[in-house]
Amino acid sequence: MKIDLDAIKLFIEKNRHEMLLFWESLVNIQGGSYEIDNVNRVMNFLKKHFDQEGISCHLVDTNGGANVLIAELNPEVEGAPILFTGHCDTVFPDGSYPKDPFCIEDGIAHGPGVCDMKQGVAETFFLFVALKHFGFKERRVKVVFVPDEEISHVKSTADEILMNEAKGSLCCFNMETGRMDNCLTVGRKGGMDCHLTVHGVAAHAGNDYLTGRNAIIEMAQKLPLIQGLTKYDEGLTVSTGVIKGGMVSNSVPDYCYAELDIRYAKLEHMDYVKNQIQEIAKQTFIEGTTTDVEFVAPMPAFEETEANHKLLAYINTKAEKLGMETFKPIYVGGMSDASYIGAVGVPTVCSMGGRGSGNHTMNELALVDSFFERFEVALVCCLEIQDYIENFA
């Protein structure tokens, strides 16, 4: 549709104060990923405001966690929707900050989740408000907000819901924290934790040495084989980060526990490394020992694809149109829900939210001006989506 850049500037000018108040309200509803009631307060707050704008919205039970929120503009329009995604939890539990912690000083906003990622959530809400205001009817536009991205959905089905809702989308803008270097993310490693537990047989080290089955030595035989699965040049790494075993030096230990960090650049590596570790765990070097394996929060790789780069190229045409600096692509080792969306074949660009830093620390901050800049870019990307369909998709 035809757009008037001056009209967009005017919309931002008229709504700037309300947008900041909305962002402030989100940040001031404190609650970490495990605090279901608190995260649901955020979801209910968002649903109330979508409902007030007359935008179709509903909550979905996640079978153990807080709710997922799904909203759609133009739900009656056929065809693949434009998708926006984000999360509403923070790493900070309630009480980590004083009451009403949001504040702005010298153009910088502070507070729990201020950039990761309640800034992107607020931008997305007002994006829907603006699209309705400008009479956008050409496409369905969908948002999926999940409640527990920071803990990789370990206690819910939010990841499955996200993937099901993402299938068949035209493209996706994941509104995660914008990077301070102004790059947009076109690929991320996937990853998971692996917990290994070896059970042996305890015995007195002096009086009954041969009866004992040393769990530490059994683990010591297995870990080099597992770490040897690393294929660094292909983006697959296995790192042993924690090991615990034994109680006292004069007892043969019957227990040893290890935690490993596994990262991979390819979707195929996730199943490969799981299968290989399970086979190594089945091997027995010391008769009478057994090894248990648990994979925690496995997340697929967000593979860097040509389609992702084309979506970024489209975004850059709109940044140029707005007189903004264009975005460089970046591939990173840290994970996000973009992995789930990319895994179902949807062209995706991540870190589209306003710029910030200090994620997962008490020094988290966000650049206020970037809130409006990223909002403006995303809005023009939607309003001119036919250009993407004809020239980039």
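Residues numbered from 1 in each chain as written. Predicted model: local features only at pLDDT ≥ 70, side-chain atom pairs only at ≥ 80, totals over all residues. Heavy atoms only, no water.

## Considerations on the overall build of the chain
- Tallying secondary structure elements over the chain gives 10 helices and 18 strands in all.
- If one aligns the C-alpha atoms of the chain with their principal axes, the spans along those axes are about 85 × 45 × 40 Å.
- Within the span of the chain, comprising 393 residues, buried residues form 53% of the whole.
- Considering only contacts in the chain between residues 6 or more positions apart, those separated by 24 or more positions represent 81%.
- Carbon and sulfur atoms form 48% of the exposed surface of the chain, whose accessible area is close to 16,700 Å².
- Within the chain, the 56 negative side-chain charges are centred at a point lying 3 Å from the centre of the 33 positive side-chain charges. (Helix = DSSP H or I, 4+ residues; strand = E, 2+ residues; numbered from the N terminus. Buried < 20%, exposed > 50% of the residue type's maximum accessible area, 1.4 Å probe, protein only. Contact = heavy atoms within 4.5 Å. Areas by Shrake-Rupley, 256 points an atom, 1.4 Å probe, with all protein chains shown as cover. Lys, Arg positive; Asp, Glu negative; His and termini not counted. Charge placed at Lys NZ, Arg CZ, Asp CG, Glu CD.)

## A look at helix H7 (residues 306-321)
- Look at H7: 23 Å from first C-alpha to last across 16 residues, which is about the 22 Å you get at 1.5 Å a residue.
- Buried within H7 we find Asn 308, Leu 311, Leu 312, Tyr 314, Ile 315, Asn 316, Lys 318 and Ala 319.
- Here the buried face of H7 lies against strand S7 (171-174), strand S8 (183-188), strand S15 (328-332), strand S16 (348-349), helix H9 (368-383) and helix H10 (385-391).
- In the segment just after H7, Gly 323 is the residue with positive phi, at about 75°. (Expected span 1.5 Å × (residues − 1).)

## Here's the deal with the state of the cysteines
- Considering all chains together, one arrives at zero disulfides under this definition.
- Cys 256 takes part in no disulfide bond, and the closest cysteine sulfur, belonging to Cys 194, lies 13 Å away.
- No disulfide involves Cys 382; its nearest neighbouring cysteine sulfur is the one of Cys 381, lying 7.0 Å away. (Disulfide = S-S within 2.5 Å.)

## Digging into the environment of Ile 36
- For Ile 36, the position within the fold is in helix H2 (residues 36-52).
- Overall, Ile 36 belongs to the partly exposed group, its relative accessible area being 32%.
- Linking Ile 36 and Ile 108, residues 72 residues apart in sequence, is a C-alpha distance of 29 Å.

## Quick word on the sheet that holds strand S5 (residues 108-110)
- The strand order across the open sheet built from four strands is S4-S5-S18-S17, with neighbouring strands paired in antiparallel fashion. Edge positions in the sheet fall to strand S4 (103-105) and strand S17 (356-357), since each of these pairs with one other strand and no more.
- Inspection of the sheet shows S4 paired to S5 by three bridges, in the antiparallel sense. The residue bridging Ile 104 from the neighbouring strand is Ala 109, located in S5. (Pairing = 2+ DSSP bridges.)

## Side note on the sheet that holds S7
- Spatial ordering of the open sheet is given by S1-S2-S6-S3-S7-S16, a layout of six strands whose pairing is mixed. Each having just a single partner strand, strand S1 (56-60) and S16 make up the two edges of the open sheet.
- With four bridges joining them, strand S3 (residues 82-87) and S7 adopt parallel strand pairing. Across the sheet, Thr 85 pairs through a bridge with Asn 174, a residue of S7.
- Across the sheet, helix H3 (residues 118-133) touches strand S2 (68-73), S3 and strand S6 (141-146), and the angle it forms with S6 is around 160°. (Axes fitted to C-alpha atoms, helices over the stretch in contact; angles between N-to-C directions.)

## Brief notes about the packing of H2 against H3
- Axis separation between H2 and H3 bottoms out at 11 Å; the angle between their running directions is 15°. By the angle between their axes, H2 is roughly parallel relative to H3. Seen from above, H2 lies across H3 with right-handed handedness. Along its contact with H2, which presents Val 42, Leu 46, His 49 and Phe 50, the element H3 presents Lys 118, Val 121, Phe 125 and Phe 128. (Parallel < 35°, antiparallel > 145°, perpendicular 65-115°, else oblique. Left-handed = near helix turned anticlockwise from the far one by under 90°.)

## What about the packing of aromatic side chains?
- In the structure shown here, the tally under the stated rule is 15 aromatic pairs.
- Ring centres of Phe 50 and Phe 125 lie 5.0 Å apart, and the angle between their planes is 75°; this geometry places the pair in the edge-to-face category. Of this pair, Phe 50 sits in helix H2 while Phe 125 sits in helix H3; the two residues are 75 residues apart in sequence, bridging distant segments of the chain. The two residues Phe 50 and Phe 125 agree in class, both being buried.
- Every member of this aromatic cluster is reached through a ring pair, and the members are Phe 22, Phe 45, Phe 50, Phe 125, Phe 126 and Phe 128.
- A cation over an aromatic ring shows up here: Lys 231 above the ring of Tyr 272, its NZ or CZ 4.3 Å from the ring centre. (Phe/Tyr/Trp six-rings, centres within 6.5 Å; stacked < 30°, edge-to-face > 60°. Lys NZ or Arg CZ within 6 Å of the ring centre and 35° of its normal.)

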